[in-house]
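Chain residues, written in single-letter form:
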Amino acid sequence: MSVLKSEVHNAAAEVPETTPEVSHEISPSFRHLLPEELIEISNEIKKVKFSPYLNHWIEDYERVGQRGRFLWQWCWRGVNITTLPCVDPKLREHVMETKMLSIFYGTLIDDIADREQDREMLQFAISLAAEEWPAERLAFWNGRRHDYLEMISKLWTEVWSRCKTYPQFGSFEHLLRFDNEQTLNAMRYALLANQSPGILNIVEHDLYQPHNMQIMFMATLDLTASPGFDMDELGLVREIFWHAQRMGRIGNMITTWEREVLDRDFTSGIFAHALHRGILGASDLRDLPAHEIMSKLEDASCQDYFFAEWQNHRNQIARKIDIIQSVDLCPYLKGFEQLIKLHLSSRGLM
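Residues numbered from 1 in each chain as written. Predicted model: local features only at pLDDT ≥ 70, side-chain atom pairs only at ≥ 80, totals over all residues. Heavy atoms only, no water.

Caption draft 1: Structural view of the overall build of the protein chain. Secondary structure summary: the protein chain contains 15 helices and zero strands in total. Compactness check: the protein chain gives a C-alpha radius of gyration of 20 Å against a globular reference of 20 Å for 350 residues, within 12% of the reference. In terms of overall dimensions, the protein chain has a C-alpha envelope of 55 × 55 × 40 Å along the principal axes. For the protein chain, the proportion of contacts with a sequence separation of at least 24, taken over those separated by at least 6, is 79%. When the accessible surface of the protein chain is totalled, it reaches about 14,900 Å², and 50% of it is carbon and sulfur. Distance from the positive charge centre (36 side chains) to the negative charge centre (51 side chains) of the protein chain: 2 Å. (Helix = DSSP H or I, 4+ residues; strand = E, 2+ residues; numbered from the N terminus. Rg over C-alpha atoms; globule rule 2.2 N^0.38 Å. Contact = heavy atoms within 4.5 Å. Areas by Shrake-Rupley, 256 points an atom, 1.4 Å probe, with all protein chains shown as cover. Lys, Arg positive; Asp, Glu negative; His and termini not counted. Charge placed at Lys NZ, Arg CZ, Asp CG, Glu CD.)

What follows is the structure, encoded as structure tokens:
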């Protein structure tokens, strides 16, 4: 499979012209990418240009947020290759921009849980998605926290107002809200785990934390702009979205855990898995210097476990694709096979 050979568009995307054949069983070739191949992929990501609309929002984000522009270039590329092919072509770029705004929104809240670890601020940020929230409550917050929360409020308002313009919004409004609530609940769990590492376990991690990838929310958003989708197939496609979300989470975990150790952010499944295997103890996460934690994890080769899990979720999707009649999900799976290569190419850059 070639990786990122097509030209990176200036904040625009093309619907694939042909549907690639999907094998039910594949070898995860991404495990053997050469360093020069990973550099080529990351260099292609750095060429991504944004529309004036997205540039405006990125500049607003940069006044309060901590993440660098490479992350947004990476996300745009990821959104491009994983947007459902059933989205109305006339709405595709608009939908992709809406998903980018939702990522800005989710990232700001995630950083409250992982970096700020501020429970009061997190709860207020979560409340901003409720329609009954009175804007004047922001006046009770001062300085940087006020500006940060105001940015979250503006982003959610923009995301939701754009969602309302899509043709199937009436059919998916409550599901969109539900999926966003799952994302926000993942942030709640992250704060609990960061403040009390002893709570970490692989069952709860796998239940809650993958939702912080927002993949199910974004797939539902795609469906709001897909007039031809058959609602009778919704349960089936959501199974596929769930497996895709796990694939996305695994790619994120295996390429960001070193930075998370330095940030003392232990919500990744890497750490839950290490506790489960006895590689680390909860007291190690609290007390050991970052370099000692990294050394223990590197020696244990935890990454192999997650590569195998990624393969399992990938194969589960491949076995279900042919059942779906109203949307061709082969390009969606191919997108997630490329996405993990984007993850591996970004190690140390996000």
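Next comes the rest of the account.
Caption draft 2: Spotlight on the pattern of salt bridges. In the structure shown here, the tally under the stated rule is 21 salt bridges. Between Glu337 and Arg314 there is a salt bridge; the shortest N-O distance is 2.7 Å. Here Glu337, found in helix α15 (residues 330–345), pairs with Arg314, found in helix α14 (residues 302–320); they are 23 residues apart in sequence, far enough to count as distant. Here Glu337 makes a salt bridge to Lys334, at a shortest N to O gap of 3.6 Å. One end of the pair, Glu337, and the other, Lys334, are both in helix α15, three residues apart, so they sit about a helical turn from each other. The class of Glu337 is buried, set by a relative accessible area of 4%. For Lys334, a relative accessible area of 23% translates into the label partly exposed. A single salt-bridge network, built from bridges that share partners, covers Arg67, Asp110, Asp111, Arg115, Arg259 and Asp263. (Salt bridge = Lys/Arg side-chain N within 4 Å of Asp/Glu carboxyl O. Buried < 20%, exposed > 50% of the residue type's maximum accessible area, 1.4 Å probe, protein only.)

Caption draft 3: Broad picture of the packing of aromatic side chains. Under the counting rule described, the total for this entry stands at twelve aromatic pairs. Where Trp72 meets Phe104, the ring centres are 4.7 Å apart and the plane angle is 75°; that geometry is what we call edge-to-face. Linking Trp72 in helix α3 (residues 69–82) with Phe104 in helix α4 (residues 92–116), this pair joins segments that are 32 residues apart in sequence. With respect to burial, Trp72 and Phe104 carry one shared label: buried. Aromatic side chains Tyr189 and Tyr208 sit 5.2 Å apart centroid to centroid with 45° between the ring planes, which places their arrangement in the tilted category. Of this pair, Tyr189 sits in helix α7 (residues 169–195) while Tyr208 is found in helix α8 (residues 202–208), placing the two residues 19 residues apart along the sequence. We classify Tyr208 as partly exposed; its relative accessible area is 24%. (Phe/Tyr/Trp six-rings, centres within 6.5 Å; stacked < 30°, edge-to-face > 60°.)

Caption draft 4: Layout of helix α10 (residues 234–262). Across its 29 residues, α10 extends 41 Å between first and last C-alpha, which sits within 8% of the 42 Å expected from 1.5 Å per residue. The axis of α10 is deflected most strongly, by about 60°, at Thr256. (Expected span 1.5 Å × (residues − 1). Bend = angle between axes of the 7 residues up to and from the residue.)

Caption draft 5: Focus on the environment of Thr82. Inspection of the secondary structure puts Thr82 in helix α3. Residues Thr82 and Gln316, 234 residues apart in the sequence, show an inter-C-alpha distance of 17 Å. If we ignore the near neighbours within four places in the chain, the residues touching Thr82 are Asp222, Tyr332, Gly335 and Phe336. Among the polar contacts listed, one links the side chain of Thr82 to the backbone oxygen of Gly78, at a separation of 2.8 Å. (Polar contact = N/O pair within 3.5 Å; in protein donor to acceptor, adjacent residues only side chain to side chain.)

Caption draft 6: Spotlight on α3. For α3, built from 14 residues, the straight-helix expectation of 20 Å at 1.5 Å per residue is met to within 8% by its first-to-last C-alpha distance of 20 Å. Counting buried residues in α3 gives 13 out of 14 residues, a clear majority hidden from the surface.

Caption draft 7: The arrangement of the side chain of Asp284 in detail. In this fold, Asp284 is placed in helix α12 (residues 282–287). Buried and without a salt bridge, Asp284 has Lys296 as its closest oppositely charged side chain, separated by 5.0 Å. At 2.8 Å, the side chain of Asp284 and the backbone nitrogen of Gly281 are in polar contact. With residues up to four places along the chain from it excluded, the contact list for Asp284 reads Arg264 and Ile293.

Caption draft 8: Representation of the nonpolar core. Counting residues in hydrophobic clusters, the biggest one holds 117 residues, and the most contacted among them are Trp72, Met100, Ile152 and Tyr332. For Ile152, the contacting residues outside a window of four places in its chain are Tyr105, Leu108, Ile109, Ile112, Ala125 and Leu128. (Core = buried A, V, L, I, M, F, W, Y, C linked by side-chain atoms within 4.5 Å.)

Caption draft 9: Expanded view of the side chain of Asn194. Along the chain, Asn194 turns up in helix α7. At 3.3 Å, the side chain of Asn194 and the backbone oxygen of Ala113 are in polar contact. A polar contact of 3.5 Å, which involves the side chain of Asn194, links it to the side chain of Asp265. Not counting the four nearest positions on each side in its chain, Asn194 is found in contact with Ala113, Asp114, Gln117, Arg264, Asp265, Phe266 and Thr267.

Caption draft 10: Structural detail: the packing of α7 against helix α9 (residues 215–224). In contact at an axis separation of 9 Å, α7 and α9 are set at 175° when each is read in the N-to-C sense. Comparing their axes, α9 and α7 come out roughly antiparallel. On α9, the residues that touch Phe169, Phe172, Leu175, Leu176, Asp179 and Asn180 of α7 are Met216, Phe217, Thr220, Leu221, Leu223 and Thr224. Residues of the contact of α7 with α9, tallied by class, amount to eight nonpolar, three polar and one charged. (Axes fitted to C-alpha atoms, helices over the stretch in contact; angles between N-to-C directions. Parallel < 35°, antiparallel > 145°, perpendicular 65-115°, else oblique. Nonpolar A, V, L, I, M, F, W, Y, C, P; charged D, E, K, R; others polar.)

Caption draft 11: Broad picture of unusual backbone geometry. Non-glycine residue Gln214 carries a positive phi angle of around 65°. Residue class for Gln214 comes out buried when judged on its relative accessible area of 4%. Of note in this structure, Arg264 is not a glycine but carries a positive phi near 60°. The residue Arg264 is located in the loop between α10 and α11 (269–277) in this model.

No statement about biological role is implied by the geometric values presented.
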